[in-house]
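# A closer look at the structure
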Amino acid sequence: ADVDGSVSFGDDTVLAPVGGDLMSVRILAIGKKHENWVSDGIARYEQRLRKPFDASWQLLPHSEREGEAARAEESERILSKLDRDTFVVLLDERGQNVDSPALATRLQGAFDASRQVAVVIGGAYGVDDRVRSRADFVWSLSKLVFPHQLVRLILSEQLYRAQEIAGGRPYHHV
């Protein structure tokens with residue numbers, strides 16, 4: 001296990017420690033291991049996350065192909081990791097931009113319906129229409145485009161913020 005408790009595999013898959021309870025957020029991301037500065041930031045928020053908002057990461061290797069071929073291969077990898085009943089949130093720059101309270105409401109709604117939540121971060125070429133149509137919610141963090149490593153950190157903070165909003169705690173000020 002790495003210093004942060006995650007387990008690395010030869011194929012770039014990294015799994016963070018997660019409890020046995022199915023109600024949590026599973027993050028599927030195409031790409032390599034978190035860079036150190038990202039790991040530090042993610043750890044800062046993840047140590048504060050409690051069920052059902054706690055997160056586990058599964059990093060899937062990026063394709064060696066390019067363009068549409070890479071998109072299709074990576075999308076297949078993502079789809080193979082999603083259960084039929086999972087509430088899927090796809091991060092995509094063309095998705096719906098929502099505020100933090102609306103995100104908290106969507107996630108809490110999935111938990112209230114006893115659904116596992118998976119957040120998908122595609123690769124450099126995005127995902128294909130199969131993943132997009134599988135998503136229950138396509139979410140844009142911003143009209144800006146961010147590097148994948150930074151998206152991971154922003155997502156961790158937003159999960160923590162959603163948890164605090166859903167719990168009625170004062171982390172989020174309007």
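In what follows, the accompanying structure is described. (Residues numbered from 1 in each chain as written. Predicted model: local features only at pLDDT ≥ 70, side-chain atom pairs only at ≥ 80, totals over all residues. Heavy atoms only, no water.)

## Quick look at the nonpolar core
Ile27, Leu107, Val117 and Leu155 are the most contacted members of the largest nonpolar core, which has 32 residues in total. Breaking this core down by element, the ones donating at least two residues are strand E3 (25–30), helix H1 (36–46), strand E4 (55–60), strand E5 (87–97), helix H3 (100–112), strand E6 (117–121), strand E7 (137–140) and helix H5 (148–166). The dominant element in this core, judged by the number of residues it contributes, is H5, at six residues. With residues up to four places along the chain from it excluded, the contact list for Leu155 reads Ile27, Trp57, Leu91, Val119, Ile121 and Trp139. Among the nonpolar cores identified, the runner-up in size contains 13 residues, and Leu90, Val131, Ala135 and Val138 belong to it. (Core = buried A, V, L, I, M, F, W, Y, C linked by side-chain atoms within 4.5 Å. Buried < 20%, exposed > 50% of the residue type's maximum accessible area, 1.4 Å probe, protein only. Helix = DSSP H or I, 4+ residues; strand = E, 2+ residues; numbered from the N terminus. Contact = heavy atoms within 4.5 Å.)

## Some words on the packing of aromatic side chains
The way to describe two aromatic rings as a pair is by their centre distance and the angle between their planes. In total, this model carries three aromatic pairs according to the counting rule given. Here Phe53 and Phe111 contribute two aromatic rings whose centre-to-centre distance is 5.1 Å and whose plane-to-plane angle is 80°, an arrangement assigned as edge-to-face. Placement of the pair is Phe53 in the loop between H1 and E4 and Phe111 in helix H3, with a sequence separation of 58 residues. Each member of the pair Phe53 and Phe111 is classed as buried. Above the face of the Tyr45 ring, Arg44 is positioned so that its terminal group lies 6.0 Å from the ring centre. Directly above the aromatic system of Tyr160 lies the positively charged group of Arg48, at a separation of 5.2 Å from the ring centroid. (Phe/Tyr/Trp six-rings, centres within 6.5 Å; stacked < 30°, edge-to-face > 60°. Lys NZ or Arg CZ within 6 Å of the ring centre and 35° of its normal.)

These results come straight from atomic positions and should not be treated as a statement about function.
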